[in-house]
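Read off the chains here:
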Amino acid sequence: MRPARAVIDLSALLHNYRLARSLSGCAALAVVKADAYGHGAVRCAQALAAEADGMAVACIEEALELRAAGIRQPILLLEGFFHADELELCAEHDLWPVIHADWQLDALEQARLSKPLNCWLKLDSGMHRVGFFPHEYASAWRRLKASGNVAEVVMMTHLARADEPNSPATLEQLQQFNTATCGLNGLRSLSNSAAVLAWPEMASDWTRPGIMLYGSNPLPGEHDIGGQLRPVMTLESKVIAVRELPAGAAVGYGARYVAQKPTRVGVVALGYADGYPRHAVDGTPVRVDGQLACLVGRVSMDMLTVDLSALPHAGVGSRVELWGASLPVERVARYADTIAYTLLSGVRRVVRSYHF
Ligand SMILES: *Cc1c(COP(=O)(O)O)cnc(C)c1O
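Rules of the game
- Residues numbered from 1 in each chain as written.
- Predicted model: local features only at pLDDT ≥ 70, side-chain atom pairs only at ≥ 80, totals over all residues.
- Heavy atoms only, no water.
- Helix = DSSP H or I, 4+ residues; strand = E, 2+ residues; numbered from the N terminus.
- Buried < 20%, exposed > 50% of the residue type's maximum accessible area, 1.4 Å probe, protein only.
- Contact = heavy atoms within 4.5 Å.
- Pairing = 2+ DSSP bridges.
- Right-handed = clockwise from strand over helix to strand, strands pointing away.
- Expected span 1.5 Å × (residues − 1).
- Arc of directions from axis to C-beta.

Visitor: Hey, could you run me through the overall build of the chain in this one?
Guide: In terms of helices and strands, the chain carries 11 helices and 18 strands. Projected onto the principal axes, the alpha-carbon positions of the chain cover approximately 75 × 45 × 35 Å. Buried residues in the chain amount to 55% of all 356 residues. The long-range fraction of contacts in the chain, counting pairs at least 24 apart against all pairs at least 6 apart in sequence, stands at 65%.

What follows is the structure in structure tokens.
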């Protein structure tokens, strides 16, 4: 069997969830959208089920997958519903839609539902993607409160720059939120992972941690609290071939890497079709039998190549960690000019193996 695997540490996931909850001191929706950022939504939700106050996914398809797997917690639909015919399913399965647009208010008011829905009403406090503008917010809230199809209304917004500890934007968004929701009675939710870690003043009734559950720190540099996170996914494979190349020999497509001296190159069974970034530059760190080594040459679809010159004991069969327990995924992301979110959620084809 091809040795490429994503090993998922479910006790690290639980540890990170508990950390999120203890840092904010309030209820936390575990965000498991996009197949739990590539970790497998059903298995992750099942591991969290005994403790999580609720889950959040992007859409009803993702929520119904969790319901079919026996998850009983409330589930928030972060993108809300896309068509009115989803509303009765929300009622049947206790799914909470985010309401971000006028047409959704109309649809909710006109629906005939078997029971009223808990709704989260989204304020656009500055991200300018979705949500009601501050001047529209109170009237949208009153329409929800007046509808017989609505039970509780949670007031929410989303932060655009919480991962920038020195930006004033986050406190400006908080101020917009406080002004728009002033005098409206109900629970509130603002924080994503970066806010849980860096902006304790955002604390409200519900947080929505995602990336931190998977052990990746969204803040720049090394952050004290981020250091308490435990990586959940270790992406690994093995060396399947070794080449002794003379100086001047090129490696891989486009001859991007040319050996400057005699070089021992290991070929690893993992490539961009598994989700490893093709844009990773020469020098991107990897771990071979626990030792640091680096990528050389362009990443191929099924294989990548590493310099083993400094690791004489490494060879065919050596274990290679691309990121995970001993190599932070956010460090690899920097070498590929991307972020940990895209790397984790892009993992595919490899076998996932779970342990506690
Ligand atoms: C994805 C998402 C989150 C989680 O964000 P992280 O940065 O992964 O913690 C929270 N809230 C909303 C609305 C989201 O879409």
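The structure having been displayed, the exposition proceeds.
Visitor: Which parts of the structure should I look at to understand the pairing of strand β10 (residues 233-245)?
Guide: In summary, the side chains of a regular strand alternate between the two faces of the sheet. With 4 bridges joining them, strand β1 (residues 5-9) and β10 adopt antiparallel strand pairing. Counterpart to Val7 in the pairing with β10 is Thr234. When β10 meets strand β13 (residues 263-268), the two strands line up antiparallel, connected through 6 bridges. Bridging across to β13, Arg243 finds its partner in Val265.

Visitor: Hey, could you run me through the pairing of strand β6 (residues 117-123) in this one?
Guide: Taken across its 7 residues, β6 has 6 buried, putting it largely inside the fold. One ladder, built from 2 bridges, connects strand β5 (residues 95-99) with β6; its direction is parallel. For Val98, the partnering residue across the bridge sits in β6 and is Trp120. For the crossover from β5 across helix α6 (residues 102-110) to β6, the handedness is right-handed.

Visitor: In this structure, what is going on with helix α8 (residues 169-181)? I would like to understand it.
Guide: An α-helix turns once every 3.6 residues. As a result, residues three or four positions apart point the same way. Relative to the 18 Å expected for 13 residues at 1.5 Å per residue, α8 spans 18 Å between its end C-alpha atoms, a close match to the ideal helical length. Turning to α8, its buried residues number three or more, namely Ala169, Thr170, Gln173, Leu174, Phe177, Ala180 and Thr181. Within α8, the buried residues cover an arc of 140° as seen down the axis, which keeps them to one side. The outward face of α8, more than 90 degrees from its buried face, is lined by the exposed residues Gln175 and Thr179.

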